Amino acid sequence: MARRSVTVLGVHDGHDAGAALVRDGKVLAALQEERPRNIKHYSGTPEYAIKEVFRIAKVDPSEVDLIAVAGLVRTHAPLKERPLHVKLFESLSPYVACHTFAKLYVRVLHKFRKMEHLFKVFRGLGIEDKETVFVEHHLAHAACAYRSSPWSYDEPVLVFTADGAGDGLSSTVNIGEKGEIRRIAESIYYDSLGNVLYSEVTRYLGLKPWDHEYKVMGLAPYGKSEYCIDHIEKIMRLNPKRPLEFQNRIRAYCGGVQSKLRKLLAGQRFDNIAAATQLWFEELMTDWIRNAIGKMDIHKIACAGGLFLNVKANKRIVEMPEVEEAFFYPAAGDDGTPVGAALQGYYDYCGAEGIQPRKEPITDVYYGPSYTDEKIKDVLKKTGWIGKAEFYSDV
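This text gives an overview of the structure that appears in the document.

Moving on to the packing of aromatic side chains. As enumerated under the stated definition, the model contains eleven aromatic pairs in all. Aromatic side chains tyrosine 105 and tyrosine 189 sit 5.5 Å apart centroid to centroid with 90 degrees between the ring planes, which places their arrangement in the edge-to-face category. On the criterion of sequence distance, the pair formed by tyrosine 105 in helix α4 (residues 99-111) and tyrosine 189 in the loop between β8 (180-188) and α7 (193-204) is long-range, its members being 84 residues apart. Like tyrosine 189, tyrosine 105 is buried. On the basis of an interplanar angle of 70 degrees and a centroid distance of 6.1 Å, the ring pair of phenylalanine 119 and phenylalanine 122 is categorised as edge-to-face. Here phenylalanine 119 pairs with phenylalanine 122, and both are found in helix α5 (residues 116-125), just three residues apart, close to one helical turn. Phenylalanine 122 gets classed as buried once you look at its relative accessible area, which sits at 0%. Among the aromatic side chains, those forming a connected cluster through ring pairs are Phe101, Tyr105, Tyr189, Tyr190 and Tyr253.

In structure tokens:
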């Protein structure tokens, strides 16, 4: 009897929206919506990406067994989307933030999650009746890392996720073993190393949060951290009682952090601020990972989430003597969550249907569209650039 094939569509409709198509544990296609729309960090329904992944993979939508949506609650783009409930919980967070509150507000907001735009796209493809599941934001990140890593399901792996925030959380520590992902620690959104420290310093320096953090990282080598490291350390730390969690020390969240930073960093040079922020970020990330390895005695690590786009910190992590092998999912930000949602959806679907799931380690990241030489020449002719172009056949 032929083995049954399982096809899953993964969708993320928040910040860095996109879609992915997975069949039998292998990523067939993945695309970020910003590409076809030409809108950086597009946030919203990834209509073009959803349709395009079917075309790229040469899969008919009717073949889909499951639709996996990343995020119980949509992740909103900072500065662009400021709904009332976002403003409200930001202002209340210093007074009510805790694990119970984070879980409560996610549970409530999930009930009001808007899906009509996604369902409209699904109807257009004839898949509105397909089973649809939601994959929690950090589980989607963890699935990206663990299920794409080079190791088999028989090997225990420590799985780390860290980002600005998603579904009430900003970081998690997990154990991946025998195909299961078991969470052992988590930091809530209020204790976000990304949002409270790095992104707010990015904003303080006149740059765009959730976008220009790489500029702060690039600026850091030009400054001297020693001039303001003592001030930066007052913003975030590892929780002394729960060393696998981060802790907000500045008693503010998102927009509220700026007034605190103006007092804390008054008179400090921009390059020194960047240097101190990068150094403290690296120290906290490596200490966090070191604590987890020390507790669990597992030395292979897999990582995903936007904070792992910081390649300088990744270099420090790889060089840690405690780390035997490290894997960082290439699309570490939210653009990777459609893949993670699809991979997790595939694994859970197989479990429910009594199918042995497959694990396909990542081999390349060429998941998007491809173009023939003739197509490229045609576009260059239409745009008037053909006279300035040079053709190379041995790229």
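One ladder, built from eight bridges, connects strand β7 (residues 169-177) with β8; its direction is antiparallel. Looking at the pairing, valine 173 lines up with alanine 185 of β8.

What follows deals with a nonpolar patch on the surface. A cluster of nonpolar side chains, namely Leu88, Leu92, Tyr95 and Val96, defines an oily patch on the protein surface of about 410 Å² accessible area. On the accessibility criterion, leucine 88 (47% relative accessible area) is partly exposed.

Spatial strand order, β8-β7-β6-β11-β12: five strands in an open sheet with mixed pairing. A single partner strand is all that each edge strand has here, and the edge strands are β8 and β12 (325-328). Neighbour-to-neighbour, the strand axes of the sheet open up by a mean angle of 20 degrees, direction not taken into account. Contacting β6 (157-166), β7, β8, β11 (300-304) and β12, helix α6 (residues 137-148) runs over the sheet at an angle of about 145 degrees to β6.

In this section: helix α12 (residues 311-318). Of all the residues in α12, the buried ones are Ala313, Asn314 and Ile317. Along the long axis of α12, the arc covered by the buried residues comes to 105 degrees, so they all point the same way. For α12, the secondary structure elements touched by its buried residues are α11 (270-296), β11 and β12.

Procedures and definitions
- Residues numbered from 1 in each chain as written.
- Predicted model: local features only at pLDDT ≥ 70, side-chain atom pairs only at ≥ 80, totals over all residues.
- Heavy atoms only, no water.
- Phe/Tyr/Trp six-rings, centres within 6.5 Å; stacked < 30°, edge-to-face > 60°.
- Helix = DSSP H or I, 4+ residues; strand = E, 2+ residues; numbered from the N terminus.
- Buried < 20%, exposed > 50% of the residue type's maximum accessible area, 1.4 Å probe, protein only.
- Pairing = 2+ DSSP bridges.
- Patch = residues over 30% accessible without salt bridge, like charges linked within 9 Å, V, L, I, M, F, W, Y side chains within 5 Å.
- Areas by Shrake-Rupley, 256 points an atom, 1.4 Å probe, with all protein chains shown as cover.
- Salt bridge = Lys/Arg side-chain N within 4 Å of Asp/Glu carboxyl O.
- Axes fitted to C-alpha atoms, helices over the stretch in contact; angles between N-to-C directions.
- Contact = heavy atoms within 4.5 Å.
- Arc of directions from axis to C-beta.

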